[in-house]
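Observations on chain architecture
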4 protein chains.
Amino acid sequence: MGMNTFGELFTVTTCGESHGRALACIVDGVPPGIRISEEMLQKELDRRRPGSTRFGTPRSEPDTVEIISGVFEGVTTGTPVGLIIRNTAQRSQDYADIKNVFRPGHADFTYTVKYGVRDYRGGGRASARETAMRVAAGAIAKACLKELFNVTVSGCVTAIGPISTPRYDAAAALANPFNFADPSLCPKLEEYINTLREEHDSCGAIIEVRAHNVPAGWGSPVFDRLDATIAQALMSINAVKGVEIGDGFALAALRGTEARDEIRAAGFMSNHMGGILGGVSSGQEIRARIALKPTSSILSPGKSIDTEGHEIDVVTRGRHDPCVGIRAVPIAEAMLALTLLDAALTDRAQCGHVVRESLFDRKQAG
Amino acid sequence: MGMNTFGELFTVTTCGESHGRALACIVDGVPPGIRISEEMLQKELDRRRPGSTRFGTPRSEPDTVEIISGVFEGVTTGTPVGLIIRNTAQRSQDYADIKNVFRPGHADFTYTVKYGVRDYRGGGRASARETAMRVAAGAIAKACLKELFNVTVSGCVTAIGPISTPRYDAAAALANPFNFADPSLCPKLEEYINTLREEHDSCGAIIEVRAHNVPAGWGSPVFDRLDATIAQALMSINAVKGVEIGDGFALAALRGTEARDEIRAAGFMSNHMGGILGGVSSGQEIRARIALKPTSSILSPGKSIDTEGHEIDVVTRGRHDPCVGIRAVPIAEAMLALTLLDAALTDRAQCGHVVRESLFDRKQAG
Amino acid sequence: MGMNTFGELFTVTTCGESHGRALACIVDGVPPGIRISEEMLQKELDRRRPGSTRFGTPRSEPDTVEIISGVFEGVTTGTPVGLIIRNTAQRSQDYADIKNVFRPGHADFTYTVKYGVRDYRGGGRASARETAMRVAAGAIAKACLKELFNVTVSGCVTAIGPISTPRYDAAAALANPFNFADPSLCPKLEEYINTLREEHDSCGAIIEVRAHNVPAGWGSPVFDRLDATIAQALMSINAVKGVEIGDGFALAALRGTEARDEIRAAGFMSNHMGGILGGVSSGQEIRARIALKPTSSILSPGKSIDTEGHEIDVVTRGRHDPCVGIRAVPIAEAMLALTLLDAALTDRAQCGHVVRESLFDRKQAG
Amino acid sequence: MGMNTFGELFTVTTCGESHGRALACIVDGVPPGIRISEEMLQKELDRRRPGSTRFGTPRSEPDTVEIISGVFEGVTTGTPVGLIIRNTAQRSQDYADIKNVFRPGHADFTYTVKYGVRDYRGGGRASARETAMRVAAGAIAKACLKELFNVTVSGCVTAIGPISTPRYDAAAALANPFNFADPSLCPKLEEYINTLREEHDSCGAIIEVRAHNVPAGWGSPVFDRLDATIAQALMSINAVKGVEIGDGFALAALRGTEARDEIRAAGFMSNHMGGILGGVSSGQEIRARIALKPTSSILSPGKSIDTEGHEIDVVTRGRHDPCVGIRAVPIAEAMLALTLLDAALTDRAQCGHVVRESLFDRKQAG
């Protein structure tokens, strides 16, 4: 399978560099008969769009998506959906001076070694610009999940630098410029981000995503455990260096009597496992958290070498986000949606004939 | 791709239930001419073997592996290597009373819903017994990594329940029964594990694994980022619910000026990124950490329901590990080795013709 | 995906050499709840078994298959089904003299170049012995196709050397030792095969396979056209060098007015396309034909070189089939069954929600 | 893997309908550093282009390809190459009257059943227009094969309807409007095609493709035999219903003494096997032949039903090729090139460390 393809049955293949002509995406295995429109995709893209929050980059990229195939008279036809976003806001000259330089914390070094050649304009393929297509494809996955299985996905930022919250509130996050779960902390966040900007620095973030109404039975038990495919999906997002399912690392310090999610006739009594048991969804809410590293593109000079091996100081100019996590919520939601739809279709393929009745509250029902 | 297959080029396909006739594994895409023997595989298996530590289960399973194909006159032939381990120590009667019961924290519930049928003996396919074959296949991957690329893999436990260490010392871990990085904490660990046993409880753990001498250039930049494939590999291990690459979640609270790994002519000055930049190995040590949940198989009664929906209390008899993390180090090493070898072969496929000279210390060399 | 794995969702992974310890197979993605037994698999294996016809090799290999996982209390559990056949009838000494020789028409030469090493005993992995596991896995696919979709598969030999028939009669073929579609030609075939044996020679064959009751809608339109996946499946059988779907090569000389299968309210009026239109099954019978080359293992000396490059004459001793096609019918059926089940599950994954009513004879029905 | 993706390592994913906005293609796994230009791709596309021969459709589609990513400063960067061809010559009104009709011999019927919905304009995704992107991607594969391995691919038509030739002459084919191997038959072909047009009919064709300088060692021995992957590749082309490797079906009637390609110190003495032994290339020329059915889009009325089940007569208007084979040579070459490059990279992945010296003529060399 190609390295730029995600998924086994519902597959997303992307291409495009930050400052190339366009980004493109081919979504294959799309269930037929699902209503899809450019407006639906655009709405999600606008959540991720540079310039959408005044606490992100001041770059303004319209990111207008065009559907070129696979949708006819408003519904998917079962053939691959092609998407294209033309690049318009490139200011390649910002990058001429990094042509022969490895920006610390960036992929400049590893790409150059790996391929022997590098499109240095704006990070090329390594730019987070690539994630625009994940969001567009994720919007298609969300529509399929909703129409076929009544499943929805949500997300919010729960930590920005040292400021964090134990809350989860996706609705509240939609209404504040930090996409933050606890709006009462927004003044504090504003102050913190402004300080970072003044100090030419950046910070990391934590995002939590959840899926609602996922039925029990999605996912596979061994290498493709639902925990594992979600982990790959989320860890493949630029800047992500940690993934937790359910209580994640906190589980290491818990006892078995505390961590096991006990069951009553009405259902599970807790959700330490994040809705996944033995790699298969339990019918509870799916919960995952990711850690994003601080933006490496900062104005503070950094020590590095050039392609000739000479030691230099690098300043990354351009217009960058002080905290990439703020705009990454729709990306994380998209990757969760892609993973779940793939799991749903895989489950339907193998187990479509299995009769599944709820195991809960049968006595009451009887 | 099958759900019980790991990898794209160097692939591992496994089958077998805890109390079935045997476990089997087919390792495909094996580079030819590599020296492999049953002894090499057995040595790794013995590290994971139940009964190998007195702080694990008292079950003793010999786990004798047989190579049935793909090796001729001591070397791999390029054809698939078949492995088989006969099951011998099954005490299925231990499980007769859980036939119609969902043990909390186990896959009993999700398997039953998903498949409509369940091999209830010892957890069936959901048992960690499945991981024996990962270790055996991992031993083959380790041999290939070493012979072809001089790469090695190591690991140790860094936290057991609330007792943790910032140290990393794989050699020390090999010499103590907790596989723990800091042997000075062993008396404390012994006391803690004994208490858990007395209280019919269990605890979680954290394991760190590293890869040494990995050259720059392995991994792919987008969906198959090396961080992402390692995350899937490690998160697919039973009981794992969290994965970090490099500093992981701690990066969320760092600043860009702290986190970016700066570069000098002699090489990188730090390794917050765990040896992976932009999804591609940087030539530094690869570092990953995983969180394992506490064993769910404990003697303390847990609330649950039976397959008819009646509320019951469940006691999981059998002979279980109070902390599954202790024996999981070779499993995590195996999954890291499998991932790296796959990445190495994928890189050789696409970029085998790229000339790679070290970018460091050229002046000295010149 | 591994090179020794067939299929995308219902996958078959095999290993094992002709004279190694055992053959093994892992069948993954098996729908749960399907009745499977060793007897069912053995019955199919016995059709392929060396020694099953006096017009084949006099070698007698019992080929006893053991199910080691994935079946519990008589039904599939949804976990991978492991199969093993121990090798017992190896007479490796037959092959000692070909250790350093390339038998013409065999893979000896290409394996040696490719891998730099070769298991020379009986052709090793290149031996048709490998196909035993295809037949066993095919028996599982046949059971799934029958129970879930009421689809069956059949086949017969339609040409042996220069003797051919336009008939297709799978039932008749089961009752004669040549598996031939037209039993009236058996005396002629017997004479021909006896002559070949006396002359230390061999011949090729043509086999036709069909699938019955396949509903319209299986297969994918572009690279995974059902014609294409069937072609790969059948062409992957040892000795096969040609595949036709429907009228195949004869279509090149037909006119459009003759070849297009016209439609009436009662259904299609002809089946030149072999039941596949635009890569998708049409609801008609699936029909495919394969050409097998003559056995290369013959007693007549052949010109070749040894591994040092010296010119030599090679005689292939051992006990070989004068026409490998005779025993290949169950192999071809198996590959067709595997392909169809994979297509069925893929279709269920993507289109499981599409309501499909017959387009034929609605007026009568109305 | 997506159904609209071809290949395992060098992958081609396409989308686009005949009368949609555009065709697109993402080529992944491209070796870096290969010189690619739009001109190179356009040159191949122009060979397939409608309107390129007066014996094809009079439709004129410019088929102008744009490279949107993956190429920087003239060479591939190792990131996916995106291609787009805007549709311009659509005359959708030609198809309004087939909206509710199943044209016999077309995919109209099977798409409608499979997906429950159909883009009826010009065959939608089922149109051979889809193959334009195969040709463009094939041009990239050809460039990689040539630069990295010095391998080239060629092809020619060897039969049109009842007129055939035993010759193979790709250079001659390039110089005549039938792409025919034997130019002396062109007057006869012209007469035949003109008759077909007058009679509102069409005919099938046979194409042969070859690969030159392929080293021994490409391909895998079992399910991914090189014969098998070539068969899938070629059989996935619209209208193809038969594939032969080497002597193909003629081998069924040969004897072992005739068919085995004997070997001398100077090399193989014949090439009945089409350059593939045991699924692996032998170092000889790769040879494959395909049969294409007659065009179903003809002006002669055909019997069919409409989507309500009523019996009707259908005339396919529009501007169609009387013989689709004539323009299909570059498509077949492209599919062979894609298959071979994928095999080459797969072989480099697994066996890149195997030292391969020629086994032929060592004595002379010595």
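Remember, it's a predicted structure, so these values are computed and weren't measured experimentally. (Residues numbered from 1 in each chain as written. Chains lettered and ligands numbered in written order. Predicted model: local features only at pLDDT ≥ 70, side-chain atom pairs only at ≥ 80, totals over all residues. Heavy atoms only, no water.)

1. Topic: the pairing of strand β16 (residues 286-292) of chain B
Residues and elements named next belong to chain B. Rule in force here: Each residue is assigned to one of three classes by its accessible area relative to the maximum for its type, calculated with a 1.4 Å probe on protein chains only: buried under 20%, partly exposed between the two thresholds, exposed over 50%. The way it works is that DSSP assigns letters per residue, a run of H or I at least four long becomes a helix, a run of E at least two long becomes a strand, and they are numbered from the N terminus. A pair of strands is treated as paired once DSSP finds two or more bridges between them.
For β16, the buried fraction is high: five of the seven residues fall into the buried class. Note that strand β10 (residues 205-212) and β16 share seven bridges and pair antiparallel. Along β16, the bridge assignment pairs A211 with I286. The pairing of strand β11 (residues 240-245) with β16 spans five bridges and is classified as antiparallel. Bridge pairing in β16 places V243 opposite I290.

2. Considering the relation of the copies chain B and chain A
Here is the rule we go by: In superposing the copies, a least-squares fit is computed on C-alpha atoms, taking residues whose pLDDT is at least 70 in both. Contacts are residue-level and defined by heavy atoms, with any inter-residue pair within 4.5 Å sufficient.
For these two chains of identical sequence, chain B goes onto chain A by a turn of 180° and a shift of 0.0 Å along the axis, with RMSD 0.0 Å. What the rotation and shift describe, once combined, is the action of a two-fold rotation axis. By residue overlap, the copies meet face to face through one surface: 100% of the interface positions of chain B are interface positions in chain A.

3. Here's the deal with the interface of chain D and chain B
Applicable threshold: The term buried area refers to how much accessible surface (probe radius 1.4 Å) is lost by two components on association, counted for both of them together. The working definition used for a salt bridge is a side-chain nitrogen of Lys or Arg within 4 Å of a carboxyl oxygen of Asp or Glu.
On the side of chain B, 15 residues touch chain D, which itself brings 15 residues to the contact. For the pair chain D and chain B, the summed buried surface comes to about 1,300 Å²; carbon and sulfur atoms form 59% of the total. When the area that chain D buries against chain B is broken down by residue, the three leading residues are R348, Q350 and H353 of chain D, summing to 42%. In this structure, the connection of chain D to chain B is made through zero salt bridges. Of the residues forming the side of chain D that touches chain B, the biggest block, five residues, is contributed by helix α8 (residues 329-351) of chain D.

4. Examining the sheet that holds strand β4 (residues 65-67) of chain B
Residue and element names in this part refer to chain B. Ordered by their spatial adjacency, five strands build an open sheet running β1-β2-β3-β7-β4, and the pairing between neighbours is antiparallel. Each edge of the open sheet carries a strand with a single partner, namely β1 (5-6) and β4. Bridge analysis of β4 against strand β7 (residues 81-86) gives three bridges, and the strand direction is antiparallel. Its bridge partner being in β7, V65 is matched across the sheet by I85.

5. Focus on the relation of the copies chain D and chain B
Least-squares fitting of chain D to chain B yields an RMSD of 0.0 Å, with the superposition described by an axial translation of 0.0 Å and a rotation of 180°. Mapped onto chain B, 100% of the interface residues of chain D again fall at the interface, so both copies present the same surface.

6. Topic: helix α6 (residues 226-235) of chain B
In terms of residue burial, α6 of chain B counts as a mostly covered element, since ten of its ten residues are buried. Along α6 of chain B, the residues classified as buried are L226, D227, A228, T229, I230, A231, Q232, A233, L234 and M235 of chain B.

7. Regarding the side chain of S154 of chain D
Residue and element names in this part refer to chain D. Note the threshold: Pairs of N or O atoms within 3.5 Å make up the polar contacts considered here, provided that, within protein, one atom can donate a hydrogen while the other can accept it, and that residues adjacent in sequence are counted only when both atoms are side-chain atoms.
Relative to the elements of secondary structure, S154 occurs in strand β8 (residues 152-160). For S154, a relative accessible area of 12% puts it in the buried group. Polar side-chain contacts of S154 include one of 2.6 Å to the side chain of Y168. A polar atom in the side chain of S154 sits 2.8 Å from the side chain of H212. If we ignore the near neighbours within four places in the chain, the residues touching S154 are Y168, A170, E208, V209, R210, H212 and E333.

8. Digging into the pattern of salt bridges
Applying the stated criterion across every chain yields a total of 112 salt bridges over all chains. In this structure, E311 of chain A engages R264 of chain B in a salt bridge whose closest nitrogen and oxygen atoms are separated by 3.3 Å. A residue pair is termed interchain when its members come from two chains, as with E311 of chain A in strand β18 (residues 311-314) and R264 of chain B in strand β12 (residues 263-264). Residue class for E311 of chain A comes out partly exposed when judged on its relative accessible area of 39%. Measuring nitrogen to oxygen at the nearest pair gives 2.5 Å for the salt bridge that ties R134 of chain B to E130 of chain B. For the pair formed by R134 of chain B and E130 of chain B, the shared burial category is buried.

9. Observations concerning the packing of aromatic side chains
Filter applied, for reference: Whether two aromatic rings pair depends on their centres lying within 6.5 Å, for rings of Phe, Tyr and Trp, where Trp uses its six-membered ring; planes under 30 degrees apart make the pair stacked, over 60 edge-to-face, and the rest tilted. Only Lys NZ and Arg CZ are tested; either one counts as a charge over a ring when it is within 6 Å of the ring centre and within 35 degrees of the ring normal.
Across all of its chains, the model carries 34 aromatic pairs over all chains by this definition. Note on F102 of chain C and F109 of chain C: the rings are 5.4 Å apart at their centroids and 85° apart in plane angle, and the pair reads as edge-to-face. Judged on exposure class, the residue F102 of chain C and its partner F109 of chain C are both buried. Taken together, a centroid distance of 5.3 Å and an interplanar angle of 85° make the contact between F268 of chain C and F109 of chain D edge-to-face. You can see F268 of chain C sitting in strand β13 (residues 267-268) and its partner F109 of chain D sitting in helix α2 (residues 108-115), one on each of two chains. The buried category is assigned to F109 of chain D, whose relative accessible area is 4%. These aromatic residues form a ring-pair network of at least three members: F102 and F109 of chain A together with F268 and F360 of chain B. Over the ring of Y168 of chain B we find R210 of chain B; its NZ or CZ atom is 3.9 Å from the centre of that ring.

10. Section: the interface of chain B and chain A
Basically, it comes down to this: The classification used treats Ala, Val, Leu, Ile, Met, Phe, Trp, Tyr, Cys and Pro as nonpolar, Asp, Glu, Lys and Arg as charged, and all other residues, Gly among them, as polar.
Facing the 117 residues of chain B at the interface are 117 residues of chain A. Interface area for chain B against chain A, summed over the two sides, is near 9,700 Å², with a carbon-plus-sulfur share of 61%. Seen at the junction of chain B and chain A, the total is ten salt bridges. Linking chain B with chain A are 58 residue pairs in polar contact (both at pLDDT 80 or more). By residue class, the composition of the side of chain B that touches chain A is 54 nonpolar, 36 polar and 27 charged. Relative to β11 of chain B, strand β11 (residues 240-245) of chain A runs antiparallel, the two being bridged by three bridges. Pairing of E244 of chain A across the sheet is with G242 of chain B, part of β11 of chain B.

11. Describing the environment of Y115 of chain A
Following the sequence through the fold, Y115 of chain A ends up in helix α2 (residues 108-115). In contact with Y115 of chain A, other than residues within four places in its own chain, are P221, Q350, C351 and V354 of chain B together with P32, T77 and G78 of chain D.

12. Observations regarding the pairing of strand β2 (residues 11-15) of chain C
The two faces of the sheet receive side chains in turn, since in a regular strand these alternate between them. Residues and elements named next belong to chain C. By the criterion of burial, β2 is predominantly enclosed, with five of the five residues buried. Where burial is concerned, the two faces of β2 agree: the one with T11, T13 and C15 and the one with V12 and T14 are both buried. Where strand β1 (residues 5-6) folds back on β2, the antiparallel hairpin that results is connected by four residues, among which G7 adopts a positive phi of roughly 100°. Inspection of the sheet shows β2 paired to strand β3 (residues 22-28) by five bridges, in the antiparallel sense. What sits directly across from T11, in β3, is D28. Connecting the antiparallel pair β2 and β3 is a turn made up of six residues, with G16 showing a positive phi of about 120°.

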